[in-house]
Amino acid sequence: MLQCLTLVTHNTASPNLVKLIPLVSIMLLMLSAFMMPLLKKKRHLFGLAGGALAILMVLSFVNVAYIYQNGGYYFDIGHFPAPFGISLRIGEIESLIALLFAIVDLMVTWYAYYSLEKEIKESRIAFFHTMNLLLLASLLGIVFTNDIFNGFVFLEVSTLAACGIIVVKDKKTNIKAGLKYLILSSLGSGLVLMGIAFIYSLSGHLSMDYIHEAMIANLDGKQNTILISVILFTVGLGIKGAMFPLHIWLPDAHASAPSPSSAILSALVIKAPVIFLIKVFYRVYGTQIIHETVILDLVLMFGVMGMIFGSLFARSQKELKRMIAYSSVAQMGYIFFAIGLGNTLGVVMAIYHIVAHALTKSSLFLAAGSFIEQTGFKHIEDFRGIGKEMPVTLGIFTVSGLSMIGIPVLPGFISKWNLAMASIQIDKLYLLIFLLISSLLNASYYFPIIINGYFGEENLDGKVFLSKSKPIKQLLPLIILTVLMVLVGFFSGNLIEFIERGVYTV
Amino acid sequence: MEKLGMILPLLVPIIGTLFIVNKRLISDKNLTKVVAVTVIINFVCVVYSLFFNDLTAVHILKVNAFLDIYFKVDQLTRVFSLLASSLWVLTAFYAFAYMDHEKRHRQFYTFFTLTLAVIMGVAYSGNLFTLYGYYELLTLCTLPLVIHPGTAEALQSGKKYIIYSFGGATLVVLGMMMLYAVTGDMSFMAHGIVDLSLIEGNRDLLKWSYLAMFLGFGVKAALVPFHSWLPNAMVAPTPVSALLHAVAVVKSGVFSLIRMTYFIFGTQTVLALDVTKYLMPFVVVTIVMGSLLALHQDHLKRRLAYSTISQLGYILLGILMLTPNGLLGAMLHLINHAVIKITLFFVVGAITHMTHFKYIHQIRGIGKQMPITMICFTVAAISLVGIPPTNGFVSKWFLGLGALNIGNFLYIIILLLSAFFTAGYLLPISVTSFFVSSKSEFHERDGYQAHYETLHEMSDDSVRETTREMANDMIHEVAHEATHEATHETAHETANDTIHEMANDTAHDTAHNTLRNETVAARHSEDGEAGATGAKPIKLEPPKGMLYPIVLLTVIIVGLGIFPNTIINFLGVVIQDAF
């Protein structure tokens, strides 16, 4: 039951510098986060944040390149080997997700440089960056960690930091949304902690590999305990990952936060717990145990419900950002659907969709943020004819929307296609219907915005061409995200292959 | 180089579009010239890549067996791309004349040329994945053309169009998913890729796959429960309607169906799956219902739209017969119907362009004013009914042969019945225009005059105001166009039409009368006494840009009817690929 990693034994004689990258990334982010309050000027703040993120991006890229060549590795923090010390496990998936997070966060910070002070007070900018970097550090921690308790700690940090970037706007609705998020998230973390307690009492370990071995060794008669613990994990992480009936905090939080925060929340914050959940399923419990429980079927069911109801709710929204937020619920439904399928392709597609959705949704939120910033409107009705005033931005919105709808070669289509293949593999043909209904529903709320934005005599009446367009340097982060998204679609074959190499044994 | 030569037809329209979009590079004056150059170069490139290029297959991007953008040239590609690119040239020249009075030329021509690129993509696709991709793009590129008038009604129709199209595309994906799960391959091959041995154990999956894809592509081919987007799409400018009906949208649906049936599944497999029995009822209903609904449409374009639905049913019937003769008939009808329908639409567009008439009851006696145009219409109508020596007869003949080959007399009866209906809805248009006098309306005018005062009081002020404004504008336009020739009669007719456009429902009657009187008064004052007598027919033939394509197409209709052998031989290769 060993992992498909090339396990590199500890070699103190010639420490491999690349293996320091995960720890260095987290430390770098935390250090810069705590240096933020010392700085005053906006340029310095953004310089530090951008610099740290740029370094992080380069490091993550090196890491991915190294892992592409040599395979994954373990890293023991402080040279204490695993059962006693904390270890990080970095495989193909972890490194890829780290790179994704770094890129998205860097682009969001770039975007925020031009627009953040329009949404929040200038004195709050330092606070925003502190929280943002801290958040990213904790999310990377969740992704990298091989120690389940360590994961919990990072989870708590991420909750607080995410709460910080929601309330940074100092509005009543933000405080309300922040509190809602805080309460529900703490509930989720509490459940995760209980799950850890159950597992610890079963196995006596906190390190994922050791728990797994111990559980396999004495499985008999403990099915109920296992079931309870796995449900605790699923519900706890499901709250943080916006699994359908537990998503209620998400629309408020995502819609009320400043646009850069919304992008980070949608692209990163709800993704890391899902990675953690996948790790818990397949690295802590393992395929054998997890397939004996009903949990995968439940996740599948909630995923399907999320896909359908998330879109139905999105349809009925009047505010643009709330609509996009509900669309996130639907897209998380796809990810849970993929996990719930329970075969290798399913898990691979869950990771792929995490990558695809992070890029798509962040550019959607930033595009929506630009509309709101330039026009001052919030409601979908008011964005008629926006395509004449801001053609490029609506173009970006359109490409992202088309990906959600599932136009071929864009990542949304690739996800749907492979999910369908995975469903056929396990002989659940009826699932195809849900996949397709959900993509039609996606079309039903993205298309009206696009069509009314670009066309229609009444809509375009009185609008001046390019009158509200942003300069190119402000649009560039959106364009880069969109280009990356399209590339993720075009090179989906290579990407899926890479993920497949590192996927936890299913 | 050969690679480039082959995919040139896919690139040329895109390059043209890039020029057209650019305001700085191409001024409004040169817009049409660029469009003309683009479509003509494209036609040349199509001919070059189809007949003078050795390379017939090229992978643009091959990531794995599934994600594979692949173009291939075979006989079916040749048929469809030649048809599309040549009709595009004609439509372009027609559109230059027609679009004079429309707005937003640049937007129109942008999507007009872009759609050509997409259609070429559909024709050149070498596997189902590429075809599907272009099929989705087709919806997206034609949508701006359909909603080009920009009115609320147009947007509504566009919405309907996109809902139906995406619904259909979704069914297609469903079918593709099931197909790919069985075969792991989606490229088009002669005789199909689904081996008979694959059926064992996958019968249900393949069956559902075929049904889903047929119904999915059937949406674009206006199969009956999914047809209602087509009449609604008539809000588009006429060149667009003509293209939508002749090649662009509905024919790409039919083309995809031929690809799927004969080049993915293969005749033997479809026969073994025994799926046609579920689909035939749809097709038969399509044929009969389309023509029955066409019978009572007063709106000219809508009548033609329902006629298209019925005629597409013929083609689908031919495809589903699964016999060489049936397929030959279907392919012939694909071409013939394209040529015929585009002619009919061009004529209707010419009428609307010259007189602003849109309804059949308005065109009484117009044959005297537009004799050449209406004669072309009549020839096309006769051809669609299927009377020799026109091309419509040839395709129906082969469809009938196909039905005989499978020994099904019901189909022959349906073909004949529908031909009867076709005559019933098309010929009255010719008859009305040539033989029904337009004078009956004149006698009513005195009556109108008498009631003018009372009606004036009753009419809704705001409606009258707007209508009057519109009418005056229109009159001035017409007055400019036909300075000396235009007499009393034209002005009268124009106003009549304006009313139909502007004034609806309750306001209709009052505004109608008010306007008529005012128009009469206006004409009297402008022309002095000259307007009082107006019995002589006036020549209203459309400008050359519109007339020449119509005449050329009519010649083609008759030509294809008299010398069908060339085209049958050309299609023979497709039949060999399929059987």
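Let us look at the structure shown here.

Conventions adopted
In this numbering scheme, every chain counts its residues from 1 along its sequence in written order. Chains and ligands are labelled by the order in which they are written, letters from A for the one and numbers from 1 for the other. Two thresholds apply to this predicted model, a pLDDT of at least 70 for residue-level local features and 80 or more for giving and counting side-chain atom pairs, whereas whole-chain, interface and lining totals are computed over all residues. Each side-chain value is derived from all of the structure's non-hydrogen atoms; neither hydrogens nor water enter the calculation. Elements are defined by DSSP. Helices are runs of H or I of four residues or more, strands are runs of E of two residues or more, and each kind is numbered from the N terminus. Only protein chains enter the calculation, and the probe is 1.4 Å; a residue is then buried if its accessible area is under 20% of its type maximum, exposed if over 50%, and partly exposed in between. When checking whether two residues touch, look at their non-hydrogen atoms; a contact exists if any pair is within 4.5 Å. What sets the accessible areas is the Shrake-Rupley method with a 1.4 Å probe; for residues, cover comes only from the shown protein chains. For the radius of gyration, the atom set is restricted to C-alpha positions; the globular benchmark scales as 2.2 Å times the number of residues to the power 0.38. By the counting rule applied here, Lys and Arg register as positive and Asp and Glu as negative, while His and the ends of each chain are not counted. The atom standing in for a charge is NZ when the residue is Lys, CZ when it is Arg, CG when it is Asp and CD when it is Glu. The definitions used throughout rest on a 1 Å grid laid over the protein atoms alone, on which a cavity is an enclosed set of points accommodating a 1.4 Å probe that cannot get out and a pocket is an open set flanked by protein within 12 Å on both sides along at least five of seven lines; lining residues are those having an atom within 4 Å of a point. Grid points are joined across faces, edges and corners, and a volume is the space filled by probe spheres set on the points. All amino acids are sorted into three groups, where Ala, Val, Leu, Ile, Met, Phe, Trp, Tyr, Cys and Pro are nonpolar, Asp, Glu, Lys and Arg are charged, and the leftover types, Gly among them, are polar. At least two DSSP bridges between two strands are needed for those strands to be called paired. Expected helix span is computed as 1.5 Å times (number of residues minus one).

### Details of the overall build of chain B
- In terms of helices and strands, chain B carries 25 helices and two strands.
- Each of the 579 residues in chain B was classed as buried or not, and the buried ones make up 63%.
- Residue pairs in contact within chain B that sit at least 24 positions apart in sequence constitute 83% of those at least 6 positions apart.
- In the form shown here, chain B has an accessible surface area of approximately 21,300 Å², with 64% of it arising from carbon and sulfur atoms.

### Details of the overall build of chain A
- Helix and strand content of chain A: 21 helices and two strands.
- In terms of overall dimensions, chain A is globule-like: its C-alpha atoms have a radius of gyration of 22 Å, near the 23 Å expected for 506 residues.
- Considering chain A as a whole, with its 506 residues, one finds that 63% of them fall into the buried category.
- Partitioning the contacts of chain A with sequence separation of at least 6, the portion at a separation of at least 24 is 82%.
- In the structure as shown, chain A presents an accessible area of about 17,600 Å², 67% of it carried by carbon and sulfur atoms.
- In chain A, 34 side chains carry a positive charge and 27 a negative one; their mean positions are 9 Å apart.

### Side note on the layout of surface pockets
- Counted as a void, the largest pocket has a volume near 1,900 Å³.
- For the lining of the largest pocket, the secondary structure elements donating two or more residues are helix H15 (386-389), helix H16 (391-405), helix H18 (430-454) and helix H19 (457-460) of chain A together with helix H1 (2-21), helix H4 (105-124) and helix H5 (128-146) of chain B.
- The greatest single-element share of the lining of the largest pocket, amounting to eight residues, is contributed by H4 of chain B.
- Broken down by class, the residue content of the lining of the largest pocket amounts to 27 nonpolar, eight polar and nine charged.

### Considerations on the pairing of strand E2 (residues 87-90) of chain A
Residues and elements named next belong to chain A.
- By the alternation rule, side chains of E2 split into Ser87 and Arg89 and Leu88 and Ile90, which are all buried.
- Where strand E1 (residues 73-76) and E2 come together, four bridges link them in antiparallel fashion. Bridged to Asp76 within E2 is Ser87.

### Comments concerning helix H17 (residues 371-385) of chain B
Residues and elements named next belong to chain B.
- Between its terminal C-alpha atoms H17 stretches 21 Å, which fits the 21 Å expected from 15 residues at 1.5 Å a residue.
- Of all the positions in H17, only Thr373, Met374, Cys376, Phe377, Thr378, Ala380, Ala381, Ser383, Leu384 and Val385 are classed as buried.
- On the buried face of H17, the contacting elements are helix H14 (300-321), helix H15 (324-355), helix H16 (366-369), helix H18 (391-405), helix H19 (409-435) and helix H24 (544-562).
- Immediately downstream of H17, the backbone of Gly386 shows phi near 105 degrees, a positive value.

Honestly, that's just the spatial picture; any functional story needs more than this.
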